[in-house]
Amino acid sequence: MRLHALLLLWISAAAAASRPPLDTLGIPPQDEAYFRGGVIRCRDGSGKFTRDKLNDDFCDCTDGTDEPGTSACPEGKFYCQNAGHSPITIFSSRVNDGICDCCDGSDEYGSNATCKNTCWEAGKAAREKMKKKIATYKSGVVIRDQEVEKAKVAFAKDKAELTKLKSEEKILQGLVDKLKEQKSLIEKAEEEERLRKEKEEKRVKEEAEKQAANEKKAPDASQEVDSQKTHGNVQEDESKVADHHDGHASHENQTPENELSVVQHDPEIQDDTSIKAGPVDESPPKDTSAEPTKEQEPTPVNSEDLSREELGRLVASRWTGEKVDEVSKDDKKEHEAEHDMPEPSEEALEDELDVPEPAEDSYSGYRSEVEDDRHKFDDEDFPNESEDEYVDDHDDHVESYKSDDDQKADDHSDLTASGQASWLDKIQQTVHNVLQTFNFFKTPVDLSEASRVRKEYDDASSKLSKIQSRISTLTDKLKHDFGWSTWCHTAMRIFLSYRSHKQGKEKEFYYFYDRCFESKEGKYTYKVCPFKKASQVEGHSSTSLGRWDKFEESYGAMEFSNGDKCWNGPDRSLKVRLRCGLNNELNGVDEPSRCEYVAVLSTPALCIEEKLKELKQKLQVMSSNQAGHDEL
Amino acid sequence: MDPPPGPRLIPVLLLLLLASCPAALAWKKDEFRNCIQTPFCKRARTRTPHSLDAPLSVDAGSLYVTPDGSLTAVLSHPSRLRPLLLRLSALPPHVVRLQIDEDYSANTPPHRRFQVPDVLLSDVEARTLHLSEPKTAGAVSTLALSSDLDVVVKHDPFELTVRRAGSGDPVLSFNSHGLFDFEPLQESKPEGETWEEHFRSHTDTRPRGPQSITFDVSFHGADFVYGLPEHGSTSLALRPTRGPGVEESEPYRLFNLDVFEYLHDSPFGLYGSIPFMIAHGDGASSGFFWLNAAEMQIDVLAPGWDGAASTENGRIDTLWMAEAGVVDAFFFVGSEPKDVIKQYISVTGTPSMPQQFAVAYHQCRWNYRDEEDVAGVDSGFDEHDIPYDVLWLDIEHTDGKRYFTWDHSAFPNPEEMQRKIADKGRKMVTIVDPHIKRDSSFHLHEEATAKGYYVKDAGGKDFDGWCWPGASSYPDMLNPEIREWWVDKFSYQSYKGSTPMLYIWNDMNEPSVFNGPEVTMPRDAIHYGDVEHRELHNAYGYYFHMATADGLLKRGEGKDRPFVLSRAFFSGSQRYGAVWTGDNSADWDHLKSSIPMVLTLGLTGITFSGADVGGFFGNPEPDLLVRWYQVGAFYPFFRGHAHHDTKRREPWLFGERRTALMREAIHMRYSLLPYYYTLFREASVTGVPVMRPLWLEFPDDKETYNNGEAFMVGPSLLAQGIYEDGQKSVSVYLPGKELWYDLRNGSPYKGSVSHKLEVAEDSIPSFQRAGTIVPRKDRFRRSSTQMVDDPYTLVIALNSSSAAEGELYVDDGKSYDFEQGAFIHRRFVFADNKLTSTNIAPDHLGNKKFSTDCVIERVIILGLSSGAKKAIVEPGNQEVGIELGPISLRRSLSSVAPTIRKPNVRVVDDWTLRIA
């Protein structure tokens, strides 16, 4: 201990007392040769200088070549050896400015500052830190490799499933088409029958009227019938929807979990449905149109009638861009009131533009079905996930999580793979039977037969839409970019001089697809669902921070954009920086500019082997620099 | 079942549309009174010349010189209860003061008129001349003030003219158009009359009735008039507001207001008011100042406005209207424009000398959120090798907008934070606004309430308005006792978490009252001494600024020069610190108007001013931001600032190239700090501003009179902003007969010529005038603090006689020791191939000394024709080399000029460098 202190003393004394000779001052060892000649060229070719002008505290080369050891050239760089730690290069503006920048104090050889040599402690700490980082990377690389393997399997599985589903879809579509044809025949027959009845009734009625022999009410009456008819149709549609739903549940005979998992994989459609379902279910369209106007104009034109307090808030809100009923500008509550509006309308807009005319009946029916599921998903599934994610802090945490995921995948296969042969056969069989037994030429239409056709049609088309939804879910999922693709390696090699990397697509982010990460900061909970969306949740209100956009910085960050609009500001967005860590952990959520959020996610996916090698090399350099010290 | 697309699409599109143009919803004209809605203005403005039934006239017998040396007279009017008392006095040199108030001895009204206290220097009275008796002939009295100046008083109607005695040429005249009206205070409201005024939902009870004052002032020999801040304007000269051939506009309004997203070009009032106008023409310059803090409206009248067929050549008439107060008017006779400024400064005080750090670059944002953010921004500057001196914290740093407190979750260790910043020689600034949160748990509020220190409403209760914290009250800064109380709030004991490295920013001190009429305090609110708010409104911010600056002064035991930035200002604010042009917008127009605005502030005493670099509201395009840094680097007060809705815009966030450009702009400012500091010294002695209109330096060059795009920094540098996006070329007028040297590459340009120049990316056009010497420091540090010991570079630009001169002022950069002589003031003269440094510091100031070991490492001589190879340093007879050296140490520029290499003479010493 005492020896150590003495050593330190010696080093700092040496640093303070001995200024390196002028011809090496501030020059990295590998560059010393450059300065050997009698006439030295400015590196940028702008001129040359004689050796006596090297470090003579007067700038002759504007690029700083002649003054590596002084502050004379603004563009110069000063090299500190920092024995015991890592050498660094600092701006020449730091030389002799009275502030110790190099841990060996060599940058302050000519100022009043007395700099202690702190390289030994700092170097030790830095090496420790580096070692820890390397350890993290080591374990992380292992986890990552496992994840990558699993991802490959899962990816292949999903792909296979998709192929299978597509062929099933084809078969089922054929059945549905047939049933539809039958159904319309039935309907036609029924219609004829109804018209005939109507005619009959009309005739009877007319006769009765004639008997009454007064005014002619015939046209009115027919109108009445017309409207009744329309009304009836609507009711029919509605009951169909309900039927459909019931039918689906009973026919499938699946557990709710299974249903859930099917839906859960399709956030896009969930979102779409939630929005489309909105107007269908309850909210009249005028709500959507009224609210944005309100939001855009938080300051009513007529401020004359306001109370003095209201007026004060209103005027304040101009500067703060806040809603009038907020108390002060640092309060972020406006998100709460704002958050729901813009997204629905935007989505609605997209729907209008993007959706290419679906078969209306099945489409809307399917939507309301998914809406229900979505609800469950939000309320139940997420909390479970987050518990796994944040409460359990075991080392095997990632594993357990993963197995959970596997199980889910198995569930799907139960539904769609092993179990499906029987249900498809069954449907085929049933349809066949129905088509055989039904007698189209019999009138009046056999009611029980007709309803059987209808039911079979509903069941089959429900099944079809479910398969279609699963197909689109999988298609959506698979089209995403899950990690290092080949071009990326090329880019990597060019930009970061990485020599090599495992070939092919590793898809290390595949298992991010079904996950969400949460972080609590103050009163807000931030929820990040890669490939899907990110939100800020406070109590029961949720503000969208953006929808999935892309990876950035060579898979170093995830971008979410087009979140809820900020009043007088941009649409909210979130950038999640990724860094190597053993667990998937979200933290450091911040809002450096208004409504532009950043966060950090540590994840094994970023524990790249090349980086590990690089770190090891760094540590080696650090240690070799320290070796000189140890010899002392 | 889906709704038809139409109704859903429309609101979405509307929303997108509205979002893209928030500026369209900006300035709300309706919320501010125009002249027609302002009865006193409407009455005065519609009156025609010489139309008053019974104009005020001088009682001939009443005219005499009082024992104090001033002239008095009675102005009477047959229908008045009370006559008016006139007092005419003179201050050397060339200042005439006219005071007119009611004669309360005859009949005392319930309230007297308000005379603004504490604005004029306390020795103004003591400095007045003893006038000789006037010579009266007929109804005209003539009063000789000096050998070259006299005042002619016409008795009926009263009219006053200041003349050059020899020629008899008039310079300034008062009431030559018979518009002088002085509404007398009334005992009580006459039957059937209503005094109340209504504006929008607000009622002004006006319990004291009409009391406005109007008069006309004519500036003879003037081509243009300037001054009257603060208005957004792209024109340096004040445009006429009415008259033939003029698009009639509102009069220039002086009424301190917090205007949301103000217009860059409008006569409506902004944050501060200085009722001082300078006239300049081919003949000479003159000025007029009306010390009155009530709302004022001023018309600049185009020739022929009065219906006169032919008007005197070079005369500008103006109409001055104020809601209340007295006549306390100053006529400044010039005759050079700098003389007019000095004369104005001689009554309102010189600008305070700022600390060195305050002249450097400031970094601000609403808001740096927490200590981590502060540390991150601080190190961002270091990482990018960009110097800065001060980091600012806006209102969010407080605990719920209670000033003098900290939001402890975001700033748990404010002292530690400041210490870390101070370790790099940097400072911090926090905001302290006048609205005090009405919160019983806030000690400041409790104390102010208990002591009765708040401004009262018309009903006598503490005025309760709305501002950032919600319900707020406002300390009555008119009261010296309350200012004393406020001063102590800045002590380290009282302001917890403050350190000696912390300075202050006063915002919202117009005062801004969100729910008040026109976003300010009701005019019938009551101040100390039963003064109505209407009477002192324009000076409220001034008193607040004063009290805050005094607080920092006391905190530093009188040894540390305060730094306080204020948004509101009045005449005299220059004594207390800096001002900025408030909440501007991130657009090219606001960049352009910032130059006339800052120049106007400089002309009216407030030299330490600037606009928010980048524009407060909105996101500047990166190119605009770069241009703004290039222009802003020349502002006397150089600060980047942004609204909290904007994207981050620290200088390194827009790509490497732009980072380099902004770094260069900031470096340019830092290298010129010795020059700037010398100019601040000059301003603090004479009032001549740091940033100057061209005509201040070239008063005979007519081309310069209305040039609001180019400006001088001191006597030696000229710059012109680039105010358009993607501009390829720019026309720059270079005044005078001598050459100008491009600051970037030393290229010479002829004077008295408009040059069409290619626009460069890396700087705005900027030049050094031939015949000048500019001191620089070309080493860049983290902050100005570390530059103290760095050597100087002198840049000499030779004129046609191969001569040049310049100055350098240096002191310790922070204390008041300079007042006792602790400074270096050198004059450098280059003539006959010799550069000589001589001491110009007077030696009578005191016995404190300042010294430094700083040397001159480099002397660049632009325009040196000889192929000289060496110079001899005297004393010592030492030989140093002359080589071609770079004009700037930036790598991108390779231009060279003859450079004396390492003369290494000390700046404190006398020496000569002889070119051999």
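1. Describing the overall build of chain B
Of the regular secondary structure elements, chain B holds 15 helices and 53 strands. By the compact-globule yardstick of 29 Å for 916 residues, chain B fits well, its C-alpha radius of gyration being 28 Å. Its C-alpha atoms give chain B principal-axis dimensions of about 90 × 90 × 65 Å. Sorting the 916 residues of chain B into buried and exposed places 66% on the buried side. Long-range contacts, defined as pairs at least 24 residues apart, comprise 72% of the intrachain contacts of chain B with a sequence gap of at least 6. Here chain B displays about 30200 Å² of accessible surface, and carbon together with sulfur accounts for 51% of that area. On chain B, the mean spot of the 93 positive side-chain charges and the mean spot of the 123 negative ones are 4 Å from each other.

2. A few points about the sheet that holds strand S25 (residues 436-437) of chain B
All names here are of chain B. Strand order across the open sheet formed by three strands is S25-S27-S26, with antiparallel pairing between neighbours. Only two strands of the sheet have a single neighbouring strand rather than two, namely S25 and strand S26 (465-467). Two strands pair when backbone bridges link them, and S26 and strand S27 (residues 470-473) are joined in this way by three bridges, in the antiparallel orientation. The partner of Trp466 across the bridge, within S27, is Ala471.

3. Observations concerning the pairing of strand S11 (residues 585-593) of chain A
Regular strands show a simple pattern: their side chains alternate between the two faces of the sheet. Residues and elements named next belong to chain A. Here five bridges tie S11 to strand S12 (residues 596-603), and the two strands are oriented antiparallel to one another. Its bridge partner being in S12, Ser593 is matched across the sheet by Glu596. Two successive antiparallel strands, S11 and S12, enclose a turn made up of two residues, where Cys595 displays a positive phi of approximately 70 degrees.

4. Points about the state of the cysteines
All names here are of chain A. Considering all chains together, one arrives at nine disulfides over all chains under this definition. Two residues share a disulfide in this structure: Cys80 and Cys102, whose sulfurs sit 1.9 Å from each other. What sets the handedness of the Cys80 and Cys102 disulfide is the S-S torsion sign, and at about -60 degrees it is left-handed. Separated by 22 residues along the polypeptide, Cys80 in strand S3 (residues 77-80) and Cys102 in the loop between strand S4 (88-91) and helix H2 (119-212) bring together distant segments of the chain. On the accessibility criterion, Cys80 (0% relative accessible area) is buried. Take Cys102: its relative accessible area is 3%, and that puts it in the buried class. Covalent S-S linkage joins Cys516 and Cys529, the inter-sulfur distance amounting to 2.1 Å. A torsion of 110 degrees about the S-S bond marks the disulfide between Cys516 and Cys529 as right-handed. With Cys516 in the loop between helix H14 (486-496) and strand S5 (517-521) and Cys529 in strand S6 (residues 524-529), the pair connects residues that are 13 residues apart, well separated along the chain. Just as Cys516 is buried, Cys529 falls in that class too.

5. Topic: empty space enclosed by the protein
Residues and elements named next belong to chain B. Inspection of the entire model under this criterion finds 15 cavities of 30 Å³ or more. For the largest cavity, the calculated volume is near 130 Å³. Broken down by secondary-structure element, the contributors of at least two residues to the lining of the largest cavity are strand S12 (197-199) and strand S13 (202-204). When the residues that make up the lining of the largest cavity are grouped by side-chain class, the tally is three nonpolar, three polar and six charged.

6. Some words on the confidence of the model for chain A
Residues and elements named next belong to chain A. Summing up the model confidence of chain A, the mean pLDDT is 70 and the portion of residues at 70 or higher is 60%. Across residues 221-300, where pLDDT falls below 50, the model places 111 contacts with residues more than four positions away in sequence or in other chains. Considering only residues more than four positions removed or in separate chains, one finds that residues 492-504, a stretch of pLDDT under 50, has 22 contacts.

7. Quick notes on helix H10 (residues 540-555) of chain B
All names here are of chain B. With 16 residues, H10 extends 23 Å between its outermost C-alpha atoms, agreeing within 8% with the 22 Å of an ideal straight helix rising 1.5 Å per residue. Here H10 lies mainly inside the structure; 13 of its 16 residues are buried. In the stretch just after H10, Glu557 is the one whose phi turns positive, near 50 degrees.

8. Looking at the packing of aromatic side chains
All names here are of chain A. According to the stated counting rule, one finds 82 aromatic pairs over all chains in the structure shown. An angle of 80 degrees between the planes, with centres 5.4 Å apart, marks the rings of Phe155 and Tyr510 as edge-to-face. Residue Phe155 is located in helix H2, and its partner Tyr510 is located in the loop between H14 and S5; the two are separated by 355 residues in the primary sequence. Like Tyr510, Phe155 is buried.

9. A word on helix H12 (residues 622-632) of chain B
All names here are of chain B. The element H12 is largely enclosed, with a buried count of nine among its eleven residues. All of the buried residues along H12 are Leu624, Leu625, Val626, Arg627, Trp628, Tyr629, Gln630, Val631 and Gly632. If you follow the buried residues of H12, they end up packed against strand S22 (361-363), helix H11 (588-603), strand S34 (612-613), strand S35 (638-640) and helix H13 (655-671).

10. Focus: the packing of helix H5 (residues 371-383) of chain B against helix H6 (residues 414-422) of chain B
All names here are of chain B. In the contact formed by H5 and H6, the axes pass within 11 Å of each other and the chain directions differ by 0 degrees. As the angle between them shows, H5 and H6 are arranged roughly parallel. Contacts between H5 and H6 involve Glu371, Val374 and Asp378 on the former and, on the latter, Pro414, Met417 and Ile421. Taken together, the residues of the contact of H5 with H6 break down into four nonpolar, no polar and two charged.

11. As for unusual backbone geometry
Residue and element names in this part refer to chain B. Here the residue pair Pro92 and Pro93 is connected by a cis peptide bond, since its omega of -15 degrees sits within 30 degrees of zero. Topologically, Pro93 is positioned in the loop between strand S4 (84-91) and strand S5 (95-102). Here the residue pair Trp366 and Asn367 is connected by a cis peptide bond, since its omega of 10 degrees sits within 30 degrees of zero. Locating Asn367 in the fold gives a position in the loop between S22 and H5. With a phi angle near 40 degrees, Arg206 is a residue other than glycine that sits in the positive phi range.

12. Considerations on the nonpolar core
Counting residues in hydrophobic clusters, the biggest one holds 189 residues, and the most contacted among them are A:Trp319, B:Trp486, B:Phe514 and B:Phe563. If we skip the residues at most four places from it in the chain, B:Phe514 touches A:Leu311, A:Gly312, A:Val315, A:Ala316, A:Trp319, B:Asp258, B:Trp466, B:Cys467, B:Trp468, B:Met508 and B:Val519. Counting 58 residues, the second largest nonpolar core, distinct from the first, contains A:Trp423, A:Tyr511, A:Phe560 and A:Leu619.

13. Notes on the pattern of salt bridges
Under the counting rule described, the total for this entry stands at 117 salt bridges over all chains. One salt bridge connects A:Asp459 with A:Lys455, and the closest N-O pair in it is separated by 3.1 Å. Note that A:Asp459 and A:Lys455 are positioned in helix H13 (residues 447-479) at a spacing of four residues, about one turn of the helix. Note that B:Arg534 and B:Asp204 form a salt bridge whose closest N and O atoms lie 2.8 Å from each other. Remark: B:Asp204 occurs in strand S13 and B:Arg534 occurs in helix H9 (residues 533-536); sequence separation between them is 330 residues. For B:Asp204, a relative accessible area of 10% corresponds to the buried category. Overlapping salt bridges bring together B:Arg33, B:Glu197, B:Asp204, B:Arg206, B:Arg253, B:Glu295, B:Glu323, B:Glu518, B:Arg523, B:Glu532 and B:Arg534 as one network.

14. Structural notes on the sheet that holds strand S38 (residues 717-720) of chain B
Backbone hydrogen bonds hold the strands of a sheet together, and the pairing may be parallel or antiparallel. Residues and elements named next belong to chain B. Strand order in the open sheet formed by six strands is S36-S37-S38-S43-S40-S41, and the pairing between neighbours is antiparallel. Single-partner strands in this sheet number two, and they are strand S36 (691-692) and strand S41 (748-749). Pairing of S38 with strand S43 (residues 766-769) involves three bridges; the strand directions are antiparallel. Its bridge partner being in S43, Leu717 is matched across the sheet by Gln768. In the packing of helix H14 (residues 673-686) onto the sheet, contacts are made with S36, strand S37 (710-713) and S38, and the angle to S37 comes to roughly 85 degrees.

15. Here we look at the confidence of the model for chain B
All names here are of chain B. Summing up the model confidence of chain B, the mean pLDDT is 94 and the portion of residues at 70 or higher is 97%. Overall, residues 1-24 carries pLDDT values under 50, and its contacts beyond four positions in sequence, including any with other chains, amount to 28 contacts. What the predictor reports for the complex is a pTM of 0.81 with an ipTM of 0.90.

Rules of the game
- Residues numbered from 1 in each chain as written.
- Chains lettered and ligands numbered in written order.
- Predicted model: local features only at pLDDT ≥ 70, side-chain atom pairs only at ≥ 80, totals over all residues.
- Heavy atoms only, no water.
- Helix = DSSP H or I, 4+ residues; strand = E, 2+ residues; numbered from the N terminus.
- Rg over C-alpha atoms; globule rule 2.2 N^0.38 Å.
- Buried < 20%, exposed > 50% of the residue type's maximum accessible area, 1.4 Å probe, protein only.
- Contact = heavy atoms within 4.5 Å.
- Areas by Shrake-Rupley, 256 points an atom, 1.4 Å probe, with all protein chains shown as cover.
- Lys, Arg positive; Asp, Glu negative; His and termini not counted.
- Charge placed at Lys NZ, Arg CZ, Asp CG, Glu CD.
- Pairing = 2+ DSSP bridges.
- Disulfide = S-S within 2.5 Å.
- 1 Å grid on protein atoms, 1.4 Å probe; cavity = no way out; pocket = protein on both sides within 12 Å on 5 of 7 lines; lining within 4 Å.
- Points joined across faces, edges and corners; volume = space filled by probe spheres on them.
- Nonpolar A, V, L, I, M, F, W, Y, C, P; charged D, E, K, R; others polar.
- pLDDT = per-residue confidence, 0-100.
- Expected span 1.5 Å × (residues − 1).
- Phe/Tyr/Trp six-rings, centres within 6.5 Å; stacked < 30°, edge-to-face > 60°.
- Axes fitted to C-alpha atoms, helices over the stretch in contact; angles between N-to-C directions.
- Parallel < 35°, antiparallel > 145°, perpendicular 65-115°, else oblique.
- Core = buried A, V, L, I, M, F, W, Y, C linked by side-chain atoms within 4.5 Å.
- Salt bridge = Lys/Arg side-chain N within 4 Å of Asp/Glu carboxyl O.

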